[in-house]
Amino acid sequence: MRLQKYMALCGVASRRASEELIKNGQVQVNGKVVLEMGTVIDPDKDRVSVDGKTVKPEKRKVYIMLNKPVGIVTSLKDEKGRTVVTDLIEGVDERIYPVGRLDSDTSGLLLLTNDGELAFKLTHPSKRIFKKYIAIVEGLPNKGELERLRNGIKIDGRVTSKAKVKVLKNFGEDSILEIEIFEGRNRQVKKMCEAVNHPVKKLKRVAFGELQLGGLESGNWRYLNDEELASIRSL
Ligand code: URA
């Protein structure tokens, strides 16, 4: 590969501006200044540096939304050999990892990326990003119980922050709740519902901030679109 093309690939500068850097004697290959424009390098073997600093190709950043099925583990490896979320993402060479986690028996929206900085921001408690869940719970929470869920309820010795809770449907024995929380504590929704004696039978995450699961089928994934990316970057 031509040196200036490789430099552009590394995000040093455009090809033309890279040629200027070469002319100026700022570029070294394997420690030797190179001034010839046609220099060809082997990206796997040669070390290119600009002003003494080694340059490397920029990694493509990928942002993926998965509709995680029940029974799949949100980790990179499972000691018991169960299927993990990254097993479901085929055809992506980048080493992606999940942003936050969903319990194995929870389904729905899971974000995966290789953008460590953004992943860190999105999971930081100070960001207060809301996550929306649909929960099938036993029984029908009464007014007082709904208020407790909304205003904060003690789980693991600490009161949860305010939540939005709506009853969508009641089947007699069970009800469907829409629950929005801003924290991401371990098994939080299940523990909240348990605390008011309406255990969760089924749980699905349908939104993460502005990202909506929409019609994405269980087990399927897609790249985020530009609008979605802008929305999570602006958080
Ligand atoms: N709350 C839970 O209880 N489980 C999840 O997987 C996510 C939120």
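Small disclaimer: the values here were computed from a predicted structure and weren't measured. (Residues numbered from 1 in each chain as written. Predicted model: local features only at pLDDT ≥ 70, side-chain atom pairs only at ≥ 80, totals over all residues. Heavy atoms only, no water.)

Caption draft 1: Region of the structure containing the site of the ligand. Taken together, Leu102, Asp103, Thr106, Tyr133, Arg187, Gln188, Val189, Lys190 and Leu203 form the complete shell of residues around the ligand. Take Thr106: an N or O atom from its side chain is 3.0 Å from an oxygen atom of the ligand. Backbone polar atom of Val189 to a nitrogen atom of the ligand: 3.1 Å apart, as the coordinates give it. For the ligand, whose accessible area on its own is 240 Å², the fraction buried by protein is 95%. Here the element with the most residues in the shell around the ligand is helix 5 (residues 188-195); it accounts for three residues. Grouping the constituent residues of the shell around the ligand by class yields four nonpolar, two polar and three charged. Domain assignment of the residues forming the shell around the ligand places at least three in each of domain 2 (66-125 + 214-234) and domain 3 (130-208). (Near = heavy atom within 4 Å. Polar contact = N/O pair within 3.5 Å; in protein donor to acceptor, adjacent residues only side chain to side chain. Areas by Shrake-Rupley, 256 points an atom, 1.4 Å probe, with all protein chains shown as cover. Helix = DSSP H or I, 4+ residues; strand = E, 2+ residues; numbered from the N terminus. Nonpolar A, V, L, I, M, F, W, Y, C, P; charged D, E, K, R; others polar. Domains from an automatic or database assignment.)

Caption draft 2: Structural view of the environment of Gly116. Considering the arrangement of structural elements, one finds Gly116 in helix 3 (residues 116-123). A sequence separation of 22 residues divides Gly116 from Glu138, and the C-alpha atoms of the two residues are 38 Å apart.

Caption draft 3: Region of interest: the nonpolar core. If you look at the biggest cluster of nonpolar residues, it comprises 29 residues, and the most contacted ones within it are Ile179 and Val189. The set of elements that each furnish at least two residues to this core consists of strand 5 (63-68), strand 7 (106-113), strand 8 (131-138), helix 4 (143-151), strand 12 (174-181), helix 5 and strand 13 (200-208). The residue makeup of this core includes at least three contributed by each of domain 2 (66-125 + 214-234) and domain 3 (130-208). Residue contacts for Ile179: discarding those within four places in its chain leaves Lys131, Lys132, Tyr133, Ala135, Lys164, Val165, Val189 and Cys193. (Core = buried A, V, L, I, M, F, W, Y, C linked by side-chain atoms within 4.5 Å. Buried < 20%, exposed > 50% of the residue type's maximum accessible area, 1.4 Å probe, protein only. Contact = heavy atoms within 4.5 Å.)

Caption draft 4: Structural detail: the pattern of salt bridges. Scanning the model with the defined rule gives 13 salt bridges in all. The salt bridge partner of Lys45 is Asp42, with a shortest N-O separation of 3.9 Å. Residue classification places Lys45 among the exposed residues on the basis of a relative accessible area of 68%. Residue class for Asp42 comes out partly exposed when judged on its relative accessible area of 29%. Salt-bridge contacts for Asp103 lead to Arg101; the nearest nitrogen and oxygen are separated by 3.4 Å. In the salt-bridge network here, residues are joined through shared partners; they are Arg101, Asp103, Asp105 and Lys190. (Salt bridge = Lys/Arg side-chain N within 4 Å of Asp/Glu carboxyl O.)

Caption draft 5: Expanded view of the domain arrangement of the protein. By domain assignment, the protein separates into domain 1 (3-54), domain 2 (66-125 + 214-234) and domain 3 (130-208). Computed from C-alpha coordinates alone, the two centres of domain 1 and domain 2 are separated by 37 Å.

Caption draft 6: View of the environment of Leu88. Note on placement: Leu88 falls in the loop between strand 5 and strand 6 (97-98). Residue class for Leu88 comes out partly exposed when judged on its relative accessible area of 23%. Residues Leu88 and Val34 lie 54 residues apart in sequence; the distance between their C-alpha atoms is 45 Å. Excluding its chain neighbours within four sequence positions, the residues that come into contact with Leu88 are Leu66, Pro69, Ile72, Thr83 and Trp221.

Caption draft 7: Structural context of unusual backbone geometry. Phi angles above zero are rare outside glycine, and Asp51 is one such case at about 50°. With respect to the helices and strands, Asp51 occurs in the loop between strand 3 (48-50) and strand 4 (53-54). Of the residues examined, Asp51 reaches a relative accessible area of 55% and is grouped as exposed. With a phi angle near 45°, Arg128 is a residue other than glycine that sits in the positive phi range. Taking relative accessible area as the criterion, Arg128 reaches 45% and is therefore assigned partly exposed.

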